[in-house]
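What the coordinates show
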Amino acid sequence: MGKFRGWHIVAGIAAMVLTGILGTAMGLNNTAAFMSSCVAFVAVSLWTDSRISRRRRETAREAARQTANEAIRAADPDNPRSEPDRPFGADQPKREGRGA
């Protein structure tokens, strides 16, 4: 994906074109085809933007977790909290159920 930040716009335009073609093929008038195309543009743009943002956020969180664990291990290799799976300061939950 690189540094290009407009993938959500590109996906929205593609959805708009496809919806316009399908609306015209279904026999909608120009106003109805345009309005449905606009709705598709907004929906697909927002969905794509949320997915891209989620992926970037998870990648940044994982990188920060690895950096913190490496710093802990470098400072004190015998530290029991230098486990790679748990972030710094995370304790086991004291209750049963879905815990980390």
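Now for a look at the structure at hand.

The rules behind the values
Residues numbered from 1 in each chain as written. Predicted model: local features only at pLDDT ≥ 70, side-chain atom pairs only at ≥ 80, totals over all residues. Heavy atoms only, no water. Salt bridge = Lys/Arg side-chain N within 4 Å of Asp/Glu carboxyl O. Helix = DSSP H or I, 4+ residues; strand = E, 2+ residues; numbered from the N terminus. Buried < 20%, exposed > 50% of the residue type's maximum accessible area, 1.4 Å probe, protein only. Expected span 1.5 Å × (residues − 1). Arc of directions from axis to C-beta. Contact = heavy atoms within 4.5 Å. Phe/Tyr/Trp six-rings, centres within 6.5 Å; stacked < 30°, edge-to-face > 60°.

**As for the pattern of salt bridges**
Throughout the structure, instances matching the rule amount to one salt bridge. Ionic pairing is found between R65 and E62, a salt bridge with its closest N-O pair at 3.5 Å. With R65 and E62 both in helix α2 (residues 30–75) and three residues apart, this pair spans about one turn of that helix. Its relative accessible area of 29% is what places R65 among the partly exposed residues. You can call E62 partly exposed: its relative accessible area is 37%.

**Concerning helix α1 (residues 7–25)**
With 19 residues, α1 should cover 27 Å at 1.5 Å per step; its first-to-last C-alpha distance of 27 Å lies within 8% of that length. Those residues of α1 not exposed but buried are G12, A15, G20 and G23. One face of α1 carries all of its buried residues, which in axial projection span an arc of 135 degrees. Seen from the buried face of α1, the exposed residues on the opposite side, beyond 90 degrees, are L18, I21, T24 and A25. Looking at the packing, one finds that the buried side of α1 touches α2. Remark: G27 follows α1 within two positions and exhibits a positive phi of approximately 95 degrees.

**Quick word on the side chain of S45**
Secondary-structure assignment places S45 in helix α2. Setting aside residues no more than four positions away along its own chain, S45 makes contact with H8, I9 and G12.

**Some remarks on α2**
Relative to the 68 Å expected for 46 residues at 1.5 Å per residue, α2 spans 67 Å between its end C-alpha atoms, a close match to the ideal helical length. Taken together, the buried positions of α2 are occupied by A33, S37, A40, S45, T48, I52, N69 and I72.

**Notes on the side chain of S37**
Relative to the elements of secondary structure, S37 occurs in helix α2. Those residues in contact with S37 that lie beyond four places of it in its chain are M16, T19 and G20.

**Structural notes on the packing of aromatic side chains**
Overall, the coordinates contain one aromatic pair when judged by the stated rule. Their ring planes at 85 degrees and their centres at 5.1 Å tell us that F4 and W7 sit as a pair that is edge-to-face. Residue F4 is classed as partly exposed on the basis of its relative accessible area, which comes to 43%.

**Brief notes about the environment of V42**
In this structure, V42 sits in helix α2. Taking relative accessible area as the criterion, V42 reaches 45% and is therefore assigned partly exposed. Sequence-wise, V42 and G12 are 30 residues apart; in three dimensions their C-alpha atoms are separated by 6.6 Å.

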